[in-house]
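Fold and contact review
If you want the building blocks of each chain, they are given just below.
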Amino acid sequence: GYLGATAFGFLQRAASIYGTGISASSSPRSISATSGGLEGLNKVLGPCFRLAYAGEDLARLVDTTSLPHMTERLKTFDACILGTTYQLEQRSVTLNTYEKNVNDKTYELYLDERYGAWQNNVPDNSAEIHK
């Protein structure tokens, strides 16, 4: 979402301008369920933070339907920005990542909200995925 991309951009820019120590192996990382999350991140970074770009090395694909998988992927992080306001969008799993078959679906998690996200097949607020 826009809020998550903006936070990522500020952290990335602070590392390059002020030498905050969050660079190289400690660079900010994006967590997304599909490659569409990284694409959305770069659509915000480009116009808002001139010449900013998040490559594949700055992203971790996470199966948001599996708590053990999310825990394993976050294990090496020093800190995490987590929001209580988010939007889910059901998407196809990026091929050759963590899918079990070609028709697997997962939920992309957007901090705050994403303009134009598909609202089809999204669980209601009392669903297990929100707990």
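Bear in mind the structure is a predicted one, so any value in this text is a computation, not a measurement.

1. Structural notes on the pairing of strand β4 (residues 105-111)
With five of its seven residues buried, β4 lies for the most part within the structure. Examined bridge by bridge, strand β3 (residues 86-92) and β4 share seven bridges and lie antiparallel to one another. Pairing of Ser92 across the sheet is with Lys105, part of β4.

2. Some thoughts on the layout of surface pockets
If you add up the space inside the second largest pocket, you get close to 150 Å³. In this structure, the second largest pocket is lined by Ser35, Leu38, Glu39, Glu56, Ala59, Arg60, Leu61 and Thr94. For the lining of the second largest pocket, the elements supplying multiple residues, two or more each, are α2 (35-48) and β2 (59-61). Considered class by class, the residues forming the lining of the second largest pocket number three nonpolar, two polar and three charged.

3. Brief notes about the pattern of salt bridges
Considering all chains together, one arrives at two salt bridges under this definition. Between Lys43 and Glu39 there is a salt bridge whose closest N-O contact spans 3.4 Å. On the criterion of helical spacing, the pair formed by Lys43 and Glu39 is a turn pair, its members being four residues apart in helix α2. We note a salt bridge from Lys75 to Glu72, for which the minimum N-O separation is 3.3 Å. Given the relative accessible area of 57%, Lys75 is considered exposed.

4. Some thoughts on the nonpolar core
Generally speaking, nonpolar side chains in soluble globular proteins are found buried as a group. In this structure, Ala5, Phe8, Leu38, Leu41, Val44, Leu45, Phe49, Ala52, Ala54, Leu58 and Ala59 together form the largest nonpolar core, which totals 11 residues. Counting residues per element, the ones that place at least two in this core are α1 (2-18) and α2. The greatest single-element share of this core, amounting to four residues, is contributed by α2. Not counting residues within four places of it along the chain, the set of residues in contact with Ala52 comprises Gln12, Arg13, Leu45 and Gly46.

5. Some thoughts on the side chain of Thr6
Turning to its location among the elements, Thr6 is positioned in helix α1. Take Thr6: its relative accessible area is 16%, and that puts it in the buried class. If sequence neighbours within four positions are ignored, Thr6 has contacts with Val44 and Phe49.

6. Points about α1
Taking 1.5 Å per residue as the helical rise, α1 with its 17 residues ought to reach 24 Å, and the 24 Å between its terminal C-alpha atoms agrees with that figure. Of the residues making up α1, those classed as buried are Ala5, Thr6, Phe8, Gly9, Gln12, Ala14 and Ala15. Buried-residue contacts for α1 involve β1 (30-32) and α2.

7. Examining the environment of Ala15
Note that Ala15 resides in helix α1. The exposure class assigned to Ala15 is buried, which follows from its relative accessible area of 12%. When the C-alpha atoms of Ala15 and Pro28 are compared, they prove to be 9.0 Å apart, with 13 residues separating the residues in sequence.

Quick notes on the rules
- Residues numbered from 1 in each chain as written.
- Predicted model: local features only at pLDDT ≥ 70, side-chain atom pairs only at ≥ 80, totals over all residues.
- Heavy atoms only, no water.
- Buried < 20%, exposed > 50% of the residue type's maximum accessible area, 1.4 Å probe, protein only.
- Helix = DSSP H or I, 4+ residues; strand = E, 2+ residues; numbered from the N terminus.
- Pairing = 2+ DSSP bridges.
- 1 Å grid on protein atoms, 1.4 Å probe; cavity = no way out; pocket = protein on both sides within 12 Å on 5 of 7 lines; lining within 4 Å.
- Points joined across faces, edges and corners; volume = space filled by probe spheres on them.
- Nonpolar A, V, L, I, M, F, W, Y, C, P; charged D, E, K, R; others polar.
- Salt bridge = Lys/Arg side-chain N within 4 Å of Asp/Glu carboxyl O.
- Core = buried A, V, L, I, M, F, W, Y, C linked by side-chain atoms within 4.5 Å.
- Contact = heavy atoms within 4.5 Å.
- Expected span 1.5 Å × (residues − 1).

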